[in-house]
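The residues making up each chain are set out below.
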Amino acid sequence: MSMAEKILITGATGLIGSELVSLCNENNVAVHYFTTRKEKIENLPDYQGFYWNPAKGVIDKNAFEGVTAIVNLVGASISNRWTEKYKQIIVDSRVKSMELIYDTLKDMDHNIGHFISASGINIYPSSKGTLYTEEDDVVADSFLGKVVSAWENAATDFKNLGMDVARVRTGMVLAKDDGALPKLLQPIKLGVGAPLGSGEQWQSWIHIEDIAGIYYFILKNRLEGIYNAVADPVSNKKMTKLIANRLGKPLWMPKVPAFALKIVLGEMSTLVVEGQLVSSRKIKKVGYPFKFYNIDAALNDLLK
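Residues numbered from 1 in each chain as written. Predicted model: local features only at pLDDT ≥ 70, side-chain atom pairs only at ≥ 80, totals over all residues. Heavy atoms only, no water.

Draft legend 1. Spatial organisation of the side chain of Ser 279. In this fold, Ser 279 is placed in the loop between strand S15 (277-278) and helix H9 (281-285). A polar contact is formed between the side chain of Ser 279 and the backbone nitrogen of Arg 281, at a distance of 3.1 Å. Here Ser 279 is in contact with Leu 131, Tyr 132, Thr 133, Glu 134, Asn 228 and Val 230, once residues within four sequence places are set aside. (Helix = DSSP H or I, 4+ residues; strand = E, 2+ residues; numbered from the N terminus. Polar contact = N/O pair within 3.5 Å; in protein donor to acceptor, adjacent residues only side chain to side chain. Contact = heavy atoms within 4.5 Å.)

See below:
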């Protein structure tokens with residue numbers, strides 16, 4: 001298949017979206033994007049915004065014009081406190097937005113043949129010893145397990161419209177000024193850094209340049225199916241130690257007990273005290289060349 005010349009990205013202004021937009025523009029791929037804020041609409045030759053409001057079912061159909069592929073990255077952050085109300089926002093922001101695109105395209109003439117959707121490694125149960133691959137169809141019996149499952153089901157529906165569908169199970173994204181890294185750095189910089197919970201939990205992380213690179217690679221090669229987007233996993237203890245060493249800071253205490261994290265973070269503490277050991281063999285096998293496969297190299301780049 002030839003490479004898409006114009007694609008639509010949802011969530012284009014987010015952490016991964018903005019990195020992917022730059023990559024597309026460098027490679028002469030024009031981007032259409034949706035935004036819920038009219039003041040964020042830009043009209044450049046290779047970057048054009050369109051208004052939508054999934055909660056109200058409002059969508060500008062012009063966004064699909066000339067587009068041959070969609071990269072779906074939209075979804076409310078999971079690192080805000082999980083009140084019952086916010087949990088609903090986490091689910092709806094992912095599922096309702098996709099349903100709106102689906103219902104709109106169902107009744108339209110278009111040339112979109114490829115649908116690539118974000119997903120999360122949180123679909124896999126927390127484990128110390130099991131290495132999960134894309135063939136494992138277990139779903140974690142947790143809030144995030146259910147979220148990712150619903151998210152993926154909504155993506156798979158696009159096969160009914162004759163599209164090739166890819167789902168990208170993303171690990172913890174490490175970037176300089178956004179995502180997980182600044183949160184990990186904060187206590188360490190203050191000199192009160194410590195491993196979280198047991199410290200033995202796995203962190204299947206990925207560098208921001210590689211997650212954008214994987215989306216672009218899937219787009220360019222028109223891949224379908226599930227791909228784990230993670231580099232070489234490390235334990236929380238090792239990651240914490242490496243960051244502290246890089247910053248020349250001591251670690252404050254042996255570890256922060258899980259019960260204390262639960263008091264501070266509520267149910268969301270599962271994000272930091274549990275973890276999945278996830279394999280990236282499949283994306284490597286199809287030929288994606290990692291820029292930062294090793295945690296040392298990634299931290300050297302991000303903390304320099």
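From this point, the narrative continues.
Draft legend 2. Molecular detail of the layout of surface pockets. Roughly 240 Å³ of internal volume is contained in the second largest pocket. Leu 23, Glu 209, Gly 213, Tyr 288 and Lys 291 are the residues nearest the centre of the second largest pocket, which is lined by 15 residues in total. Breaking the lining of the second largest pocket down by element, the ones donating at least two residues are helix H1 (15-26) and helix H5 (208-220). Looking at which element gives the most residues to the lining of the second largest pocket, the answer is H5, with seven residues. The residue makeup of the lining of the second largest pocket, split by class, is six nonpolar, three polar and six charged. (1 Å grid on protein atoms, 1.4 Å probe; cavity = no way out; pocket = protein on both sides within 12 Å on 5 of 7 lines; lining within 4 Å. Points joined across faces, edges and corners; volume = space filled by probe spheres on them. Nonpolar A, V, L, I, M, F, W, Y, C, P; charged D, E, K, R; others polar.)

Draft legend 3. Just the environment of Thr 130, in detail. Counting through the fold element by element, Thr 130 comes out in the loop between strand S7 (114-120) and strand S8 (131-132). Linking Thr 130 and Leu 247, residues 117 residues apart in sequence, is a C-alpha distance of 32 Å.

Draft legend 4. The arrangement of helix H10 (residues 295-302) in detail. Within the span of H10, buried status applies to Ile 295, Ala 298, Leu 299, Asp 301 and Leu 302. Burial along H10 is one-sided: seen end-on, the buried residues are contained in an arc of 160°. (Buried < 20%, exposed > 50% of the residue type's maximum accessible area, 1.4 Å probe, protein only. Arc of directions from axis to C-beta.)

Draft legend 5. Layout of unusual backbone geometry. Phi is positive for Asn 28, close to 60°, though the residue is something other than glycine. When you line up the elements, Asn 28 lands in the loop between H1 and strand S2 (30-35). Phi is positive for Arg 222, which is not a glycine, with a value near 45°. Here Arg 222 is to be found in the loop between H5 and strand S13 (225-229). Taking relative accessible area as the criterion, Arg 222 reaches 24% and is therefore assigned partly exposed.

Draft legend 6. Here's a closer look at the pattern of salt bridges. Scanning the entire structure with this criterion turns up twelve salt bridges. The partner of Glu 267 in a salt bridge is Lys 87, with the nearest N and O atoms 2.7 Å apart. In this pair, Glu 267 sits in the loop between helix H7 (258-265) and helix H8 (270-273) while Lys 87 sits in helix H2 (residues 84-106), placing the two residues 180 residues apart along the sequence. Taking relative accessible area as the criterion, Glu 267 reaches 34% and is therefore assigned partly exposed. The structure contains a network of salt bridges with shared partners spanning Glu 84, Lys 87 and Glu 267. (Salt bridge = Lys/Arg side-chain N within 4 Å of Asp/Glu carboxyl O.)

Draft legend 7. The pairing of strand S6 (residues 69-72), seen in detail. Residues Ala 69 and Val 71 line one face of S6 and the alternating positions Ile 70 and Asn 72 line the opposite face, and both faces are buried. Taken together, the four bridges between strand S1 (residues 6-10) and S6 define a ladder with parallel strand orientation. Following the sheet pairing, Leu 8 is matched in S6 by Ile 70. The sheet contact formed by S6 and S7 spans four bridges and is parallel. Paired with Ala 69 across the strands is His 114, a residue of S7. (Pairing = 2+ DSSP bridges.)

Draft legend 8. The packing of H2 against helix H3 (residues 143-156), seen in detail. At a minimum axis separation of 8 Å, H2 and H3 run at an interaxial angle of 10°. Considering their axes alone, H2 and H3 lie roughly parallel with respect to each other. Contacts from Lys 87, Ile 90, Val 91, Arg 94, Val 95 and Met 98 in H2 reach Phe 143, Val 147, Ala 150, Trp 151, Ala 154 and Ala 155 in H3. The residue inventory of the contact of H2 with H3, partitioned by class, reads ten nonpolar, no polar and two charged. (Axes fitted to C-alpha atoms, helices over the stretch in contact; angles between N-to-C directions. Parallel < 35°, antiparallel > 145°, perpendicular 65-115°, else oblique.)

Draft legend 9. Molecular detail of the packing of aromatic side chains. Per the counting criterion, the structure on display carries ten aromatic pairs. Ring geometry for Tyr 102 against Phe 158: centres 5.4 Å apart, planes inclined by 85°, an arrangement best described as edge-to-face. Linking Tyr 102 in helix H2 with Phe 158 in the loop between H3 and strand S9 (164-170), this pair joins segments that are 56 residues apart in sequence. A single burial state applies to Tyr 102 and to Phe 158, both of which are buried. Arranged with centres 5.2 Å apart and planes meeting at 80°, the rings of Tyr 288 and Phe 290 form a pair that is edge-to-face. Judged on exposure class, the residue Tyr 288 and its partner Phe 290 are both buried. Here the aromatic cluster, defined as three or more aromatic residues joined through ring pairs, consists of Phe 217, Tyr 288, Phe 290 and Tyr 293. One residue, Lys 38, lies across the ring of Tyr 51, its end atom 4.6 Å from the ring centre. Sitting above the plane of the Phe 143 ring, Lys 87 keeps its charged end 5.0 Å from the centroid. (Phe/Tyr/Trp six-rings, centres within 6.5 Å; stacked < 30°, edge-to-face > 60°. Lys NZ or Arg CZ within 6 Å of the ring centre and 35° of its normal.)

By themselves these figures say nothing about function.
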